[in-house]
Each structure stands twice: as structure tokens, then as C-alpha cells.
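Each chain, letter by letter, is given below.
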Amino acid sequence: MVVLGTLFVVFISARGVAGFFTDLLWFQSLHFGSVFTSILTTKILLGFVFTAFAAIAVITNTFFADRLAPRLTDLGPGEQVIMRYREIMASRGRWVRMVFGLLFGFLAGAPAASNWRQWLMFQHGSSFGVKDPLFGKDAGFYVFQLPFISFLLDWMFATAVICLLVTTAVHYMNGGIRLQVVGRRVASHVKLHLSILLSVLAFLKAFGYWFDRYRLYGSTRGVVGGPGYTDVHASLPAITLLMYISLLAAVLLIVNVRQRGWRLPIIAVGLWALVAFVAGQLYPAAVQRFQVSPAQSKREKEYIERNIAATRVALGLDQIKVEPFAAALPTASAKSSTNLSNARILDPNSAYDGFKNREGVFGYYRFGDGNGGGLDVDRYKIDGKTKPVVVGVRGLDPKGVPSSWETSHLAYTHGSGIVAASGNTVDTEGRPVFLDSKSIGAPTRTGIYVGERMTGYAVVNTGRSEIDLSPAKTPIPTSYDGDGGVALDSSIRRAAFALRFSEWNLYGSDLITDASRIIYNRDIVDRVSTLAPFLQLDSDPYAAVVDGRITWILDAYTTTNAYPYGQTVDTSGLPRASGLNKVDFNYIRNSVKVTIDSYDGTVKLFVVDDQDPLIQTYQKIFPTLFQPKSAVTPSLSEHFRYPQDLFSVQTQMWGRYRIDDAESFLQRNSAWEVAQEPGIEQKSVPTSTVPSAAPGLVSAGPGSSKEPRVSSYYSLLTAPGSEKEEFALLRTFVPYNRDADTRRQLSGFMTASSEPGSYGTLRVYSLSEPLPSGPYLVSSDANQQFSSYLTPLELAGTKVLFGDLQLIPVGQSMLWVRPWFLLTTGNTTVPKLDSMTVTVGKVTFRGATLEEALAKALGTDAAGVTPTTVAPSTASGGTASVEDLIAEAARLRSEADAALKKSPPSFDEYRQKIDQAYEKAAQAARLATGKPVTVTTTTTAAPSTVPSSTSTSPSTTANA
């Protein structure tokens, strides 16, 4: 057993050394060896210093305790152990103290190495140029200095407590403390020693209170983050008083040396405990309850305003440009808008099966994680024009690889190629149109050795050929000709990797030669996290062809939760894979863009926001790790996207922090929130619906709660008031819902530009009352309007999948565009584009193509020519235009809604008016299209919503 135990310990130790050695080799292979050694050196230095300090403190105190041991001649029967202890220490005391001190020092000091980041930031911290309003200190003090100071004080206090306990025990063993005797139980010299240690504790506590004042910025007592009225007017004075009491206690402990007993220290400690309870707990609670709560808007006004200003700066919301948006109905001339010509038909969700089934080729290839993710929206210039493109990388799927070591690690080593499909066109069968590689840059090397969720390791340049994919999509042999990975050119290296991965073949296989290289840490997120663990990474890496190479692009964030008066962000709405879920933060910047070469794994970190004090600090700490923004090539910057995780945080927080006034902020009178998710699958349409909601509201039902929020999406658009097309993110808002999700009208939308010249520009377009429908209502109304078409499909076993519901601004007007896909239930074929819908106001038009749907919606044919049709007669004997008929339909719908508001509701009048409204809408559709239109009546369903006055027709209209 001893031999086996020894071998086990040796193996574990050897694996640890091998892991350390191979980590160093990996950093060096990426030319970042200095980053590894810098972090390692800092850890060793901190561990050594803190270990030495703790060891010296223990050894010194135990030394004096032994030297001050009194002579004892009248030991009682229970104190013989003291003599035996002193006999042992007489000859071995020095060594016992050294061993014990070093052991304790290591246990107390080694964990300090984990604070290497705080120490380096303390050393190199930059200024924010912003003073906090309470103490007048630069925000950098709270971000860079205070964390390490707090750790240091807490560590010193804990170490002093341990020293006090150890010293007391040694004095007892030496007989300086004798609890069994009558009279003076603590020798005078012991009292002096212990009083000094207690005084040190009191001084450390006083220093702790001094810095506790600054830690009030972590308070969550008020209605917003940061110190509020109670913290400033109750907690802060209490902390200051406790600091002075601690200083008084320190003095009394020294004075008490000349006094008999421990009366003065007991008084000081009792006073401290009383004040800590009364002033530190009861008084702030009373102020909060009896002064703040009854007049919260008045008491907290100043602190709410501080929080609003700080949060806007910390989250980049202060740079948002707010503009009014009329949300008018588009005219026929909108058909020529580039926003509509570039409206995206494909999105990652709807296109995934098409990529997988038509471009996956073999079972050992996959896109992304193989579960529906891994496709991204980008833009490329095709035939001289910028077009939306859906892109995916054909990565390696380990589940499809034969399960021998040779095939898994030497033959099937990589994925192959990047696949792109046009974002705004489909083929005649309604399926993705895949682009030739030349259209997106024709990469010279298509091997994907580093990618999304790639695990394990690959050994290249071995005696076994690798499996690649030819242009004709057939398997062909290949060999690696890059310099990625680590060379296996020595027995020591091969042995180290064999230990690291617990694989004998890495050392003993004849297929591995001195020319072989091992590629590991192949997942792009793991690769960047290992290099820069202090950065938080976005959940959605994406690939682009840049200068002929398939390059992964990953957004990295700098964050802190110490920005004065900043509001901590709720990250519950972010994807699980987001690195922002791993930290609490109230400040964020997308300061770094990371690129990873898919072939050789080269990592580059570009600082794109050099005004961020956090990244300035990291640049000082790791000068070789980052590259300046000037090193970004134009071909790379053309593929930078404003990151969705950051945009999600900003849109979520903007809903409330758009408000300037403290009272309105508290009441949320004009707050927004992100719009409700409209859903991507058809849901059964009820046969009857009884309206129950108030005008403009939708009942969420008993026990309802907040619904999922709509995701942002990338789109090529021309912003209102601009003449330049840009690739941008867009996300919509609805008015704030205090309880259930009952308010679903569109209150505004935010865009974020990804264009090189205007990258990062945030704009909010604010709508005024009466508000039009938001995405949930648009989708719900469209589903109800076309229920006679959708329901039979559902009953027949055909699933209807909805693509992104896209708000398309056209000048100061807008419409909604959405593709519909069909997929037979249980079928593994690619979803087929069935139709496109265009929603104008509250009327949805459906066509086989976007052009057809637009022609119906805007009164033009597919070529943009107004069709010649006979207009129906009006009641006055003249002819009515499409606009007149839609207006008449809207009037009839309003009268129908008024009938529902009567007490009791007049359902017969409602049905009569709504049927008349449907007929007017059908006439408008016939006039616009020149085609027969089926009128849907209300005999089976009644709408549950009342349209806003900006709507031009009923929510359930002709099947046009």
C-alpha cells in the first residue's frame, strides 16, 4: 500500500508539473509567454510576501511568549503538563516555532496569490477623471485601489486574531496564564503582550472603519444602487463614531497595562458593541422606516439623480441620441427604399436546418454546437452592393468520428470551410441560396482547427494523413502546413503531454515524429479566457473571411461593480453562454475585439476603446498582450458588429434610465421595457375570444407573469433622417408593465450602428401617443387574421415557423416584415419559405415573395407600378381610394370597439360593425391588388384588443 500510495503521489505531482510545463509551452506558441510569466511571478511574489509576514508574526509572538515564561515552583496537580511542555521547548523551541510559524504562514499566505489581479490593478490603476459626489475621490480609487486595500485590512485583522489566539495558548502553556490559582491569574508581562496585540486589533479595526465609509457605495438599502439618504445621514456617522471608539479602545488597552484587572478594555469593548448595535443597526433602520419610507421621493431625490447620471455614464447610455419618430403609414414610394430591398428573409434559426442538411455533407461535420446555434448574420459586398448574409462554419463534430485514438486525434483533426447564404433571397423552392466562396472572399485555407466548442486535442504532421473536404465535397487526404500548436520535437515534451492528457500514445506511438505538432485549447472562448481571464466574453463568436483567411471574431468586455453610484445590471435576460453572467457589474465597455485564426489559432486582441480606464490599466500590466486600434485593417473593421450582449444590457437598462426626473424615475410613469417576444411557432387559434382587456391592453390571463423579451437582430437599414445605409442592431420597446404584460404597444426602438465610420452610435426613436402595435400584437393580429390559412396547416401536421419579425423604418414611416416557413411535423427536410408578410398599421398582407406582399401592402405591383383596377363606389356615388376604404374600416372598427365598452357590452352591434369593417378592408385589398379577396367574419372569433387611433384598419381583415 505504501508503494502504491507513493506511486500515486508521484503521478499526481508529475501531472501537475506537466500541466504547468505544457501551459507555458502553449502561451509561448502564441507569443504570449510574458503574460504567463507575469501572472506567475505576481502570484509567487504575493504568496511569498504574505507567507513571510504571517510566519514572522507568529514566530515573533511565540518567541516572546517563551522568553517571558515565568518561573513556576508551586504547580498544582493539574498543571504538570506545563512542565513537560517547557522541558520539550527548552531544547527544541527554536525549531518548533520555525516549523509552526512557516506552516501557519503558508496556510495564511498562499491564498493571497489568488488576489494577483487586485494587486496589479492597485499598482497600475488609471484615473477615470470622474469624482464621486460623496467623498470627492476619483472613481479609479474605488475600482483599482479599494479592493486590494479592503483585502489587505481583512487579511491583517484575521492574521492578528490568529496571532492573539496562538500567543494566548503559548502563554498558558508557559504558565503565564493560570486559571486555577486565586488572585492574579495573568502575569503582568503577559498582560502587556496581550494588550499590545489587542491594541493592534483595535487600530486595524479603526482603519477598517475608515475604509468602510467608502464601501458604502456597495449599499443596496435605497431604491437604487449606491449610498442613499439613510446611508449618508445614519450609517456614515455611525461608522465614523465606531472608528473613534476603536481608536479609544486601542489607547485604553495600552493604558490598562498599569491598571489592575481588565476593567478599561472591557468598558471600551462594551461601548463599542453597544454603539455598533444601536448606531450601526437600530438607528439606520429607524431612519429608513420613519424618515425615508414615508417621504421617499423627497428624501431619495438627490441620490436617485446621482444614480441616474452615474449609471448612464457607466453603461454608455449617456451617448444615446434620442429622436422623435412619427411612425406614419408608408406610401407607395416606400417600395423603392433600400431598407425594404435588403429586408432579411433568412435568420439563423430558420436557416440552420438548411445549412445542416445541404452543407453538413458528412456526419462528422456540424455548424456551431450542433443544436441549432452557430449561424450568424453578417454583411458582404456582392456584385458591388452590400447585402445581408447568413454565415456558418463547418466545424468538426466529435460524435461523428470513429472512436479509435488514431482516427479521433490524428485523422479527423479539423472542420472544413465557411458556408454563406444570401440573407434576402431564397431559391424557387423557398430554401437558402448558398453563395460561392468567391462572393465572400475565397479563403485560401479552409481547415478549421480552432472553433466553437471544439474539445480535446489534435496531432498534425504525423505518419497518418488527415481527412479533409474537397471543393467537390468528397473526402480527401491532407496534411497541416501551418505553425499552430506546440512542436512535439523532444521526448520530454511528448512525455509531458502524455501525462497532461493521460494518453500513452502521445509518447509511444510511432506515428508521431519530431515534425508533429499538438493543437489544444481549441475552443475559441476557452482559448481567449486562458489568455485574458480578466475579460468577460460575448456569447456569440462569429466567423468572417478577412484577407483570405477564416477568422473568428469575439467581443470582450471590461467590467467592474465598483463604479460610484452605478446601478448593478440584472443579467437574467442574457444568454447562458455570456461571460457577463459570471460577474456582477455596474460598469461595462466593449473595449477589446479579439480575432482567432481558425487554421493556426493565432490570437490578437485589439483595443478599440482606448478611453476606457480599465483597459488602459490592463495595457500597463500586460504591454505585449494588446494591439492598438490602428492595427485593425479596413477589411477586418468591415466585419465588426456591435455586440448583442452589450446591446441587451443597454436596452434593458435604458427602459428605466431614459427618465431624468427623480420622482418619475421612482414611479416609472414614463418608463419603457423591452418588447415581448412574438414567438417563432404557430400556436393554436381559439375558436372564440371574449374581449376583456381595457382599451389598448391585452389581458395576460390569471396568474400571468413577465413573458420572454424580444431579441435584438442585425439589419441593413437607413436610419430615419439619414441617407446612408448601415449594418445595425435593432430592438423594440413597449411601455413599462407594472404587473402582468398587459401593455404591448410600440413605444420606441433603439439602433446600434456597426459601420466603421459610425460604429457604436446608439439612437433611440421615441414614438408619441397614440402608440401603434408592438411586435407581440403585430404577430398575434397576423396569426388571427390568417387563422383560416394557418389552422388547417397545423391540423394537417405541418409546422409553421416564423422568422424574425423585423421593424423596417422608411423615413418617418414604418412597417413590419416577417417570413413564414413550413416544415412537415416529423420531417427532417429543410424548412421551406412559404410566404412573406408585410404589416402596415394593423393590417397584414401576405405574398409568395416579399415583392408581392409589398405590392399588396403599398398598392403597387412587384415592379413598383400601380395596377389598373376599377375602384368600388362610395356611398355618395363617387369612387373611393385605398386610403379612403382603410380609413372607413378603421372608423367602423372604432365603433365596434365602442360597442364593447357599453355597459353591458353590445355584442350584436360589435359583430355588425366589425363585419362591415372587414368588408371595407377587403374592398381596399381588391382595389390594391386587382385580385379576389376572401372576407373573414367575426362569427367564430372576436379580437381582444382595441387598436390605437394611428391604425388604419381592423386587426382582423381580409385574407389578402
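What you see is a predicted model, and the numbers here were worked out from it, not measured in a lab.

Novice: Looking at this model, I keep getting lost on the overall build of the protein chain. Mind explaining?
Specialist: Each helix and strand counted, the protein chain has 25 helices and 29 strands in total. Out of the 960 residues in the protein chain, the part that is buried amounts to 53%. When the accessible surface of the protein chain is split by element, carbon and sulfur atoms take 57% of a total near 42100 Å².

Novice: How should the confidence of the model for the protein chain be read in this particular structure?
Specialist: Caution applies to low-pLDDT parts of the model: their predicted coordinates are not meant to be read in detail. Of all residues in the protein chain, 84% attain a pLDDT of 70 or more, and the chain-wide mean is 84. Note on residues 861–879: pLDDT under 50 across the span, and 27 contacts to partners over four residues away in sequence or across chains.

Novice: What is the right way to read the layout of surface pockets from this model?
Specialist: One water molecule sets the probe size; rolling that probe over the atoms shows where empty space is left. Taken as a whole, the second largest pocket spans an internal volume of roughly 910 Å³. Taken together, 32 residues line the second largest pocket, and the ones lying closest to its centre are Arg589, Val608, Asp609, Tyr759 and Gly760. Elements that contribute at least two residues to the lining of the second largest pocket include exactly strand 17 (587–597) and helix 19 (644–657). Sorting elements by how many residues they give to the lining of the second largest pocket places strand 17 first, with five residues. Among the residues forming the lining of the second largest pocket, the class breakdown is 16 nonpolar, nine polar and seven charged.

Novice: Honestly, the sheet that holds strand 9 (residues 458–460) in this entry has me stumped. Any pointers?
Specialist: Pairing between sheet strands relies on hydrogen bonds along the backbone, with the strands arranged either parallel or antiparallel. On the basis of which strands lie adjacent, the open sheet formed by three strands has the order 9-13-12 and antiparallel pairing. Every interior strand has two partners, whereas the edge strands, strand 9 and strand 12 (486–487), have only one. Relative to strand 13 (residues 517–519), strand 9 runs antiparallel, the two sharing three bridges. Paired with valine 460 across the two strands is arginine 517, which belongs to strand 13.

Novice: What should I look at first to understand unusual backbone geometry in this one?
Specialist: For residues other than glycine, phi is negative in most cases, and the peptide bonds are mostly trans. Omega for the peptide link from glutamate 769 to proline 770 comes to -5°, which places this bond in the cis form. If you trace the backbone, proline 770 turns up in the loop between strand 24 (762–766) and helix 21 (775–785). In this structure, serine 502 takes a positive phi of about 50° despite not being glycine. Assignment of secondary structure puts serine 502 in the loop between helix 14 (491–500) and helix 15 (505–508).

Novice: How should a nonpolar patch on the surface be read in this particular structure?
Specialist: Together, Leu192, Ile196, Val200 and Ile254 give the surface a local cluster of nonpolar side chains, amounting to about 310 Å² of exposed area. Position of isoleucine 196 among the secondary structure elements: in helix 6 (residues 188–212). Taking relative accessible area as the criterion, isoleucine 196 reaches 40% and is therefore assigned partly exposed.

Novice: Where do I start with the pairing of strand 21 (residues 713–718) in this structure?
Specialist: On any regular strand, side chains alternate: one points to one face of the sheet, the next to the other face. Judged by how many residues are buried, strand 21 sits mostly within the fold: six of six residues are covered. Judged by which residues are buried, strand 21 turns out to be covered on both faces: Tyr713, Ser715 and Leu717 on one side and Tyr714, Leu716 and Thr718 on the other are all buried. Looking at chain direction, strand 21 and strand 22 (residues 725–735) are connected through six bridges and run antiparallel. Counted as the bridge partner of serine 715 is alanine 728 from strand 22.

Novice: What's the story with the packing of aromatic side chains in this structure? I'm lost.
Specialist: The geometry of an aromatic ring pair is captured by the separation of the ring centres together with the interplanar angle, meaning the angle of the planes. Following the criterion strictly, the structure yields 49 aromatic pairs and no others. Pairing phenylalanine 27 with phenylalanine 36 gives two aromatic rings, centres 5.2 Å apart and planes at 50°, and the pair type is tilted. These aromatic residues form a ring-pair network of at least three members: Phe135, Phe141, Tyr142, Trp210, Phe211, Tyr214, Tyr217 and Tyr565. Against the face of tyrosine 542 rests arginine 641, its NZ or CZ located 4.0 Å from the ring centre.

Novice: So what exactly am I meant to see when it comes to the pattern of salt bridges here?
Specialist: Pairing between side chains of opposite charge can happen when the charged atoms of each approach one another. The tally for this structure, following the rule as stated, stands at 30 salt bridges. Note that glutamate 305 and lysine 301 form a salt bridge whose closest N and O atoms lie 2.6 Å from each other. One end of the pair is glutamate 305 and the other is lysine 301, both in helix 10 (residues 301–314) and four residues apart, which spans about a single turn. Relative accessible area serves as the criterion here: at 35%, glutamate 305 is assigned to the partly exposed category. Through salt bridges with shared partners, a single network forms among Asp154, Asp212 and Arg215.

Novice: How do you make sense of the packing of helix 2 (residues 33–67) against helix 4 (residues 116–124) when you look at a structure like this?
Specialist: Any two packed helices are characterised by the angle at which their axes cross and by the distance between the axes. Closest axis-to-axis distance for the helix 2/helix 4 pair is 9 Å, and the angle between their directions is 100°. By the angle between their axes, helix 2 is roughly perpendicular relative to helix 4. In contact with Ile39, Thr42, Lys43 and Leu46 of helix 2, helix 4 contributes Trp116, Trp119 and Leu120. The residue makeup of the contact of helix 2 with helix 4, split by class, is five nonpolar, one polar and one charged.

Novice: Just checking my understanding: could you explain the pairing of strand 22 for this structure?
Specialist: Within strand 22, ten of the eleven residues are buried, leaving the element largely enclosed by the surrounding structure. The pairing of strand 20 (residues 672–674) with strand 22 spans three bridges and is antiparallel. Residue tryptophan 672 lies in a different strand from strand 22, and its bridge partner there is proline 735. Between strand 21 and strand 22, which pair antiparallel and follow one another directly, the connecting turn spans six residues, one of which, glycine 721, has a positive phi of 85°. In this sheet, strand 23 (residues 748–753) lies alongside strand 22 in antiparallel orientation, the contact comprising six bridges. Bridge pairing in strand 23 links threonine 732 to phenylalanine 749.

Novice: I'm lost on the environment of alanine 543 in this one. Help?
Specialist: Along the chain, alanine 543 turns up in strand 15 (residues 542–546). Given the relative accessible area of 6%, alanine 543 is considered buried. Separated by 55 residues in sequence, alanine 543 and serine 598 have C-alpha atoms that sit 8.8 Å apart. Alanine 543 has contacts with Asp378, Tyr380, Val391, Val393, Ile418, Ile550, Thr551 and Trp552, leaving out every residue within four places of it along the chain.

Novice: Explain the side chain of aspartate 347 to me, please; I cannot follow it from the model alone.
Specialist: With respect to the helices, strands and loops of the structure, aspartate 347 is situated in the loop between helix 11 (338–341) and helix 12 (348–359). Buried within the structure, aspartate 347 lacks any salt-bridge partner; arginine 344 is the closest side chain of opposite charge, at an N-O distance of 4.9 Å. Engagement of the side chain of aspartate 347 in a polar contact is seen with the backbone nitrogen of serine 350, the distance being 3.0 Å. With sequence-adjacent residues up to four places away left out, aspartate 347 is seen in contact with Gly803 and Asp804.

Cut-off values and rules
Residues numbered from 1 in each chain as written. Predicted model: local features only at pLDDT ≥ 70, side-chain atom pairs only at ≥ 80, totals over all residues. Heavy atoms only, no water. Helix = DSSP H or I, 4+ residues; strand = E, 2+ residues; numbered from the N terminus. Buried < 20%, exposed > 50% of the residue type's maximum accessible area, 1.4 Å probe, protein only. Areas by Shrake-Rupley, 256 points an atom, 1.4 Å probe, with all protein chains shown as cover. pLDDT = per-residue confidence, 0-100. Contact = heavy atoms within 4.5 Å. 1 Å grid on protein atoms, 1.4 Å probe; cavity = no way out; pocket = protein on both sides within 12 Å on 5 of 7 lines; lining within 4 Å. Points joined across faces, edges and corners; volume = space filled by probe spheres on them. Nonpolar A, V, L, I, M, F, W, Y, C, P; charged D, E, K, R; others polar. Pairing = 2+ DSSP bridges. Patch = residues over 30% accessible without salt bridge, like charges linked within 9 Å, V, L, I, M, F, W, Y side chains within 5 Å. Salt bridge = Lys/Arg side-chain N within 4 Å of Asp/Glu carboxyl O. Phe/Tyr/Trp six-rings, centres within 6.5 Å; stacked < 30°, edge-to-face > 60°. Lys NZ or Arg CZ within 6 Å of the ring centre and 35° of its normal. Axes fitted to C-alpha atoms, helices over the stretch in contact; angles between N-to-C directions. Parallel < 35°, antiparallel > 145°, perpendicular 65-115°, else oblique. Lys, Arg positive; Asp, Glu negative; His and termini not counted. Polar contact = N/O pair within 3.5 Å; in protein donor to acceptor, adjacent residues only side chain to side chain.

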